[in-house]
Amino acid sequence: MAGAETSSVTIKVEFSGGLELLFSNQRSHTLTLPAAVPTDNATTVPVPSTIEATKPADITYLIHYLRDHLLQERAELFEENGTVRPGILVLINDTDWELEGEGDYVVKEGDEVVFISTLHGG
Amino acid sequence: MPPRPCALCEKARAMIKRPKTGQQICRDCFFYVFETEVHNTITEAQLFKSGDRVAIGASGGKDSTVLAYVMKTLNERYNYGLNLFLLSIDEGITGYRDDSLETVKRNQQQYSMPLKILSYEELYGWTMDSIVSQVGRKNNCTFCGVFRRQALDRGAAMLNVDHIVTGHNADDIAETVLMNIMRGDIARLGRCTAICTQGDDTIRRSKPFKYAYEKEIVMYAYFKKLDYFSTECIYSPDAYRGHARAFLKDLEAARPSAIIDIIHSGEAFEIKEEIKATQKVQQTCQRCGYMSSNTLCKACTLLEGLERGMANAGITDRGTKQLQAEGPTPENLRKIPFFEYKPTSTSTTIDIEAS
Ligand code: SF4
Ligand SMILES: [Zn+2]
Ligand SMILES: [Zn+2]
């Protein structure tokens, strides 16, 4: 059974450009995600043992997880249609996520993911 | 996924995908192309002459912070021969501008540029906080916009500069084009894409980031670890502009060239406008000497409305009539200091050429 899986990945997540305001005004967070997650990105933790369809934790899952567990207010300013709202830049280990497969990138132990809003202030 | 090499140097690992071209490039090549494109924008539009005194309108936000850094870099790299200053306007918004001004003060140290801060309070006798407490949150941005524009020109006159550069980027300009279309303001449509504008006696204003995408400005700031401030004004901008921006970001996500395409559409209107040339004659404000198309400039009208407790005076025609019906302007009314701009014009006439 897939649900018996206990392994996890620990990553660092950082918010800037004003996004930190939605996350308790804290820029840097360390998170531990289940290594295998439901394909529908449901973020109940621990992953219920009844879930059969799983995938490795990826950035799309991370976005859902952040929305459901860390976000303090105004979810629409962060997430839209299962991904980040247009105008939010994502960097994975300092590389533009557009070069890393965007939401499909599978997170690895020790990865650093940065979310930067471009929508604030000029 | 194996790391891809940079499309330009073919050595280092690609770290950014350029929204304009889709090119995948490394960090150093990105710095180089970003700076070079701004340099090309400056030289092609012949924005400066050697010896010019140029103020950078600095808000502490990402755009003006990156602009200050890039202007300093290019001025040194290509020997523009410019004297650069930072000019900040303090609107008097607690919890917003006071914090962002701290960032500007740090920039002053980091970039070693002289800084001038001019406040609404000293110029108009009103802070945005006090304006909002009188007029509420409806027209606050109208006051703020009119007051800021004039404050920048006045600050520039105090610094004796020839030129103000602002951090407006390609996304901002495309957004303004959209707003003008949605408002049906065809006259502004072309003008808003101009890289450089100049009134009769006012200081030149230009936008060296006219073609720079917001994404690249933010990436540049991130990779260079520049110190900027990013909080929304507490008297949040109008919802209409917010929708325009969200719409633009959706378009950009679907097709990154949308931003430049919209700017080009705006520019196409500009050409038409030259033919018709129906500009209102410019005169100067009777009360404060600032350029104006009426006997009183917009700022003086707004200020008089505030002082006499009729905040609508400068906003609606009805408000203006009401103000006039209330009788003549009282003698002891607070007035904006007289505006005087003395161009230095001592600068030599060597144009900056692309090297
Ligand atoms: S949002 Fe409005 S009040 Fe706030 S700084 Fe901008 S123009 Fe001024
Ligand atoms: Zn390279
Ligand atoms: Zn006036």
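The coordinates are above.
Let us look at the structure shown here.

What counts and how
Residues numbered from 1 in each chain as written. Chains lettered and ligands numbered in written order. Predicted model: local features only at pLDDT ≥ 70, side-chain atom pairs only at ≥ 80, totals over all residues. Heavy atoms only, no water. Near = heavy atom within 4 Å. Nonpolar A, V, L, I, M, F, W, Y, C, P; charged D, E, K, R; others polar. 1 Å grid on protein atoms, 1.4 Å probe; cavity = no way out; pocket = protein on both sides within 12 Å on 5 of 7 lines; lining within 4 Å. Points joined across faces, edges and corners; volume = space filled by probe spheres on them. Helix = DSSP H or I, 4+ residues; strand = E, 2+ residues; numbered from the N terminus. Donors = N, O, S within 2.8 Å, 3.2 Å for Na, K, Ca; no water. Tetrahedral: all angles 85-135°; square planar, octahedral: opposite > 155°, others 65-115°. Buried < 20%, exposed > 50% of the residue type's maximum accessible area, 1.4 Å probe, protein only.

**Considering the site of ligand 1**
Every one of the nine residues lining ligand 1 counts as a neighbour, but B:Cys141, B:Cys144, B:Arg148, B:Cys233 and B:Tyr235 are closest to it. The residue makeup of the shell around ligand 1, split by class, is seven nonpolar, one polar and one charged.

**Observations regarding empty space enclosed by the protein**
All names here are of chain B. Applying the stated criterion to the full structure yields two cavities of 30 Å³ or more. Computed from the structure, the largest cavity encloses a volume of approximately 60 Å³. Lining the largest cavity, in full, are Lys20, Phe34, Glu37, Val38, Thr41, Pro208, Phe209, Tyr211, Ala212 and Glu216. For the lining of the largest cavity, the leading source of residues is helix H1 (residues 27-44), giving four residues. For the lining of the largest cavity, the residue count by class is six nonpolar, one polar and three charged. In this structure, the second largest cavity encloses a volume near 30 Å³. For the second largest cavity, the full set of lining residues is Ala58, Ser59, Gly60, Ser64, Thr65, Ala68, Leu86 and Asn107. In terms of residue count, the dominant contributor to the lining of the second largest cavity is helix H2 (residues 62-77) (three residues). In terms of residue class, the lining of the second largest cavity is built from three nonpolar, five polar and no charged.

**Considering the coordination of the zinc ion (ligand 2)**
Residues and elements named next belong to chain B. Around the zinc ion (ligand 2), the protein contributes the donor atoms Cys6 (SG), Cys9 (SG), Cys26 (SG) and Cys29 (SG), at 2.3 Å from the metal centre. Considering all four donor atoms around the zinc ion (ligand 2), angles at the metal cover 103 to 114 degrees and the coordination shape is tetrahedral. When the donors of the zinc ion (ligand 2) are listed by position in the chain, the intervening gaps give C-x2-C-x16-C-x2-C. Cysteine 6 gets classed as buried once you look at its relative accessible area, which sits at 1%.

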